Amino acid sequence: MKKKIKFKGRLKSYMCWPLYLTFVWICADGIALRYDRRLGYGMVGFTVFYFALVLFLYVRSKSVVANELISFATQYSSVQKRLLNEFEVPYALLEYSGKILWVNDKFAELMGVDKKYHKSITTLFPTVTRELLTKSDAPTDFKIVNEEEDSIVRLSVKRIYFNSIAEENEIIDTNEADQFLTALYVFDESELYHCKKEITEQKQVSALVYIDNYDEALDSIEDVKRSLLVALIDRRVNQYFAKYDGLVRKIENDKYFVVFKYKYLDSMKEDKFKVLDEVKAIKVGNEMAVTLSIGIGIKSDKYNENYVYARNAIDLALGRGGDQVVIKDHDDILYFGGKSKQVESKTRVKARVKAQALQEIIETCENVLIMGHSITDVDSLGAGIGIYCAAKNLDKKAQIVINDPTSSVRPLMETFSEAKGYPADMFINSEEALEMVSKDTLVMVVDTNRPSYTECPELLRKTGKIVVFDHHRQSSEIIENPILSYIEPYASSACEMVAEVLQYFNDGVKINATEADCIYAGILIDTNNFMTKTGVRTFEAAAFLKRSGAEVTRVRKMLRNDMACYKARAEAVRHVEVYRSSFAISVCPSENVESPTIVGAQAANELLNIIGIKASFVLTEYNDKIYISSRSIDEINVQIIMEKLGGGGHLNVAGAQLTGVTIVQAKRMIQDTLDEMLKEGDIEE
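Computed from a predicted structure; not experimentally measured.

1. What to know about helix H19 (residues 536–547)
For step 1, the next point in the chain: In this model H19 runs 17 Å from its N-terminal to its C-terminal C-alpha over 12 residues, within 8% of the 16 Å that 1.5 Å per residue would give.
For step 2, the next point in the chain: Residues of H19 that are buried: Arg537, Thr538, Ala541, Ala542, Phe544 and Leu545. Viewed end-on, H19 has its buried residues packed into an arc of 155 degrees, placing them on one side of the element.
For step 3, the next point in the chain: On its buried side, H19 packs onto helix H13 (349–364), strand E17 (484–487), helix H17 (494–504) and helix H18 (513–526).
For step 4, the next point in the chain: Gly549 occupies a position one or two residues after H19 and carries a positive phi of about 115 degrees.

2. Brief notes about the confidence of the model for the protein chain
For step 1, the next point in the chain: Here the protein chain averages 84 in pLDDT, while 88% of its residues score no lower than 70.
For step 2, the next point in the chain: In this model residues 165–177 is a low-confidence stretch, pLDDT under 50, and it forms 9 contacts with partners more than four residues away in sequence or in other chains.

3. Here we look at the pairing of strand E13 (residues 397–401)
For step 1, the next point in the chain: Burial within E13 is extensive, with 4 of its 5 residues counted as buried.
For step 2, the next point in the chain: Bridge count for strand E12 (residues 367–371) against E13 is 5 bridges, and the pairing is parallel. The partner of Val368 across the bridge, within E13, is Ala398.
For step 3, the next point in the chain: The handedness of the E12 to E13 crossover, carried by helix H14 (residues 378–393), is right-handed.
For step 4, the next point in the chain: With 2 bridges joining them, E13 and strand E14 (residues 427–428) adopt parallel strand pairing. The partner of Ile400 across the bridge, within E14, is Phe427.

4. Overview of helix H2 (residues 22–35)
For step 1, the next point in the chain: Helix length check: H2, at 14 residues, gives a terminal C-alpha distance of 20 Å against a target of 20 Å (1.5 Å per residue), a fit within 8%.
For step 2, the next point in the chain: Of all the residues in H2, the buried ones are Thr22, Asp29 and Ala32. Angular distribution of buried residues about the axis of H2 spans 70 degrees; they occupy a single face of the element. Projecting away from the buried face of H2 at angles above 90 degrees are the exposed residues Phe23, Val24, Cys27, Ile31, Arg34 and Tyr35.

5. A short note on empty space enclosed by the protein
For step 1, the next point in the chain: Tallying each qualifying case throughout the model produces 1 cavity of 30 Å³ or more.
For step 2, the next point in the chain: Considered as a void within the structure, the largest cavity measures approximately 40 Å³ in volume.
For step 3, the next point in the chain: In terms of lining residues, the largest cavity is bounded by Ile370, Met371, Gly372, Thr376, Ser380, Leu381, Gly384, Ile400, Val401, Ile402 and Val446.
For step 4, the next point in the chain: If you list the elements that add at least two residues to the lining of the largest cavity, you get E12, H14 and E13.
For step 5, the next point in the chain: Here the element with the most residues in the lining of the largest cavity is H14; it accounts for 3 residues.
For step 6, the next point in the chain: Tallied by class, the residues present in the lining of the largest cavity amount to 7 nonpolar, 4 polar and no charged.

6. Some words on the side chain of Thr448
For step 1, the next point in the chain: Along the chain, the position of Thr448 falls in the loop between strand E15 (441–446) and strand E16 (465–470).
For step 2, the next point in the chain: On the basis of relative accessible area, Thr448 is assigned to the buried category, the value being 5%.
For step 3, the next point in the chain: For Thr448, the side chain forms a polar contact with the main-chain nitrogen of Arg450, separated by 3.3 Å.
For step 4, the next point in the chain: Those residues within four positions of Thr448 in sequence are excluded, and the remaining contacts are Gly372, His373, Tyr453, Thr454, Val468, Phe469, Asp470 and His472.

7. Things to note about the sheet that holds E12
For step 1, the next point in the chain: With parallel pairing, 6 strands are arranged side by side in an open sheet as E14-E13-E12-E15-E16-E17. Edge strands, defined here as strands with exactly one partner in the open sheet, are E14 and E17.
For step 2, the next point in the chain: Here H13 sits on the sheet and contacts E12, E15, E16 and E17; the angle it forms with E17, its principal contact strand, is near 145 degrees.

8. Things to note about the environment of Cys588
For step 1, the next point in the chain: Structurally, the position occupied by Cys588 is in strand E19 (residues 583–588).
For step 2, the next point in the chain: Classification of Cys588 by relative accessible area gives buried; the value is 2%.
For step 3, the next point in the chain: Sequence separation of Cys588 and Gly600 is 12 residues, and the distance between their C-alpha atoms is 5.6 Å.
For step 4, the next point in the chain: Cys588 has contacts with Ala568, Ala572, Pro596, Val599, Gly600, Val618, Leu619 and Thr620, leaving out every residue within four places of it along the chain.

9. What about the nonpolar core?
For step 1, the next point in the chain: Ranked by size, the top nonpolar core spans 62 residues in total, and within it Leu358, Phe469 and Leu545 carry the most contacts.
For step 2, the next point in the chain: Here the element with the most residues in this core is H14; it accounts for 9 residues.
For step 3, the next point in the chain: When sequence neighbours within four positions are dropped, the list of residues in contact with Leu358 reads Ile387, Met444, Val467, Phe469, Leu484, Val501 and Phe505.
For step 4, the next point in the chain: The next biggest cluster of nonpolar side chains, apart from the first, holds 36 residues, and it includes Tyr256, Leu265, Phe273 and Val284.

Each value, and the rule that gives it
All residue numbers refer to position in the chain's written sequence, counted from 1. Local features are withheld for residues below a pLDDT of 70 in this predicted model, meaning they are given only at 70 or higher, and side-chain atom pairs are given and counted only at 80 or more; totals for whole chains, interfaces and linings count all residues. Side-chain measures were taken over the full set of non-hydrogen atoms in the model, leaving aside hydrogen atoms and water. Helix numbers and strand numbers start at the N terminus; a helix is a DSSP run of H or I with at least 4 residues, a strand a run of E with at least 2. Expected span, for any helix, means 1.5 Å times one less than how many residues it has. Partly exposed describes any residue whose relative accessible area lies between the buried limit of under 20% and the exposed limit of over 50%, with all areas from a 1.4 Å probe on protein chains only and scaled to the type maximum. This arc corresponds to the set of directions leading from the helix axis out to the C-beta atoms. By definition, residues are in contact when any of their heavy atoms lie within 4.5 Å. On a range of 0 to 100, pLDDT expresses the predictor's confidence in each residue. We call two strands paired when DSSP finds no fewer than two bridges between them. For the handedness criterion, the strands are oriented away from the viewer, and a crossover whose path from the first strand over the helix to the second runs clockwise is classed as right-handed. Of the two site types, the cavity is a set of points on a 1 Å grid over the protein atoms alone where a 1.4 Å probe fits but cannot get out, and the pocket is an open set with protein on both sides within 12 Å along at least five of seven lines, each lined by residues with an atom within 4 Å of a point. Grid points are joined across faces, edges and corners, and a volume is the space filled by probe spheres set on the points. Lys, Arg, Asp and Glu make up the charged group, whereas Ala, Val, Leu, Ile, Met, Phe, Trp, Tyr, Cys and Pro make up the nonpolar group; the residues left over, Gly among them, are polar. Pairs of N or O atoms are called polar contacts if they sit within 3.5 Å, as long as, within protein, a hydrogen donor faces a hydrogen acceptor (for residues adjacent in sequence, only side-chain-to-side-chain pairs). Here, axes are lines fitted to C-alpha atoms. For helices the fit covers the stretch in contact, and angles between N-to-C directions go from 0 to 180 degrees. In this description, a nonpolar core means a group of buried Ala, Val, Leu, Ile, Met, Phe, Trp, Tyr and Cys residues linked to one another through side-chain atoms lying within 4.5 Å.

And the structure:
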């Protein structure tokens, strides 16, 4: 059916304005007739003639103008199509389902197809599916990485909705207005990717390599072989980094500074920094294996900043017990190694230095607030009592922050009564502590180095004077900017560390039997009656406490469990599940038990007495959290297992806290973690 040609918009106005001018002539005719009829009739005749002429020309020229416009549009469309076809950016037009409707020359050249290729886009880019293209919240950019060809392509997608075309041209049915075409632009970013990759790979990596037990290893060997041992260590370290084009410089007898390119770091990760094992394997008559700690700083554009990261990383590695590699950038921290047992340092020089530093700090403060971790245990309380004694020796007011003491620590706390000369406010809660803290208050944190684990994390933000004493390995979450940090993972307990410090504090602090009992109890609990993590210095600390009046029988009576706790522990042992013939996993009931987490730890210790069990994991649900207590004797490093679950601890004693999961899910998480670590070789069955 042939339709009449209609002009619209500005073109219509341009074509019709001579006709509109007729109305002006009609008005002029009316005015002329009013003043002179002859003139008026003459003008009326002219107006009729003008209107007839203009109308004739409009009708006659309409088809001519339309033909000219169509001719121009055709030429313009051809030019536009040619420009689009020769567009330097690869371009394709897809229908709603993802089928290719049209491609330009560059797209055909890049993808190796002809211009009649009308298959689905998924045949060229498998990750770009129809479902992805049709989703309402579909991304507008895709990154396609081809690792085999080492290339990367970016796809930019733009939708062309039919309803927008309908509004402009009024030719599309409204039922199809929600349909669209997809314009696909392809950008080959391989060269850019390679340039960025090369820049990253050429970045400098700073590393610090420390020998953990240099003095102890040399003391365990004959004098004539010491130089040979040192030479072999130097050789292994230099050979390992030389493979990766690294520059090694010895800055002290037991310290090296290393620089290498970032591109070699992945290779080191793949071999799990086998230099740790190579140095450990050196045997020239030395009784003690030599271990290394390595701190690596990466991903900074500034050399000095990478060195600072390396310093932070080596401090963290040493704080976690050594024999491991810590890689640090601005945000992330990675750990490798840390599987061997820490070597106890026989020298007390560090304890003496820390005691003197602590004395100077306490002397300059107004008062001391001491706190341990939440759900205070005997070790945390005992360490707090030791610091209380140190502050009292310097005539400084000291208070211990404890919220809701459990049945395990209440008998010990009750021995510090007013009748024995202790102040009524010796133990306070978090609310009271926040009222007493000031800028001149020393906040002493014991038995933890994680701010979120403390009894009152807000205290750490209220003062600039913070001291940390702990025996747990450090993690990525640490207390920021302490003025003194004494973290010794080799120590059996925080009470052992405090007992050592007290012997050097202000020429020796005199403690009474009640205080000695409490500190001794902390060592007893954390060593499982001197069966776990017990070294020479542990017994020396116990001997000091014994000389101060600690009585084993008194302590044993205070540490006895009630019947409900004993039954809960027995239930955990009775319902144990053995996973992969080596790992004991159980659940400790928390009903009617005042200190279920402590009972869970006791149950984990009990499970190690079963033949064939290499590690135990006891889960306890308490206060909307799942607490995991893990224990081992010497074959499994439970600390790295717990770190996978967000916790930490020691080689043989560790734990974690889970939120938002059930007991069943937590058990599954432990089993999955064990499976993954067994597969990767981090632990062995």
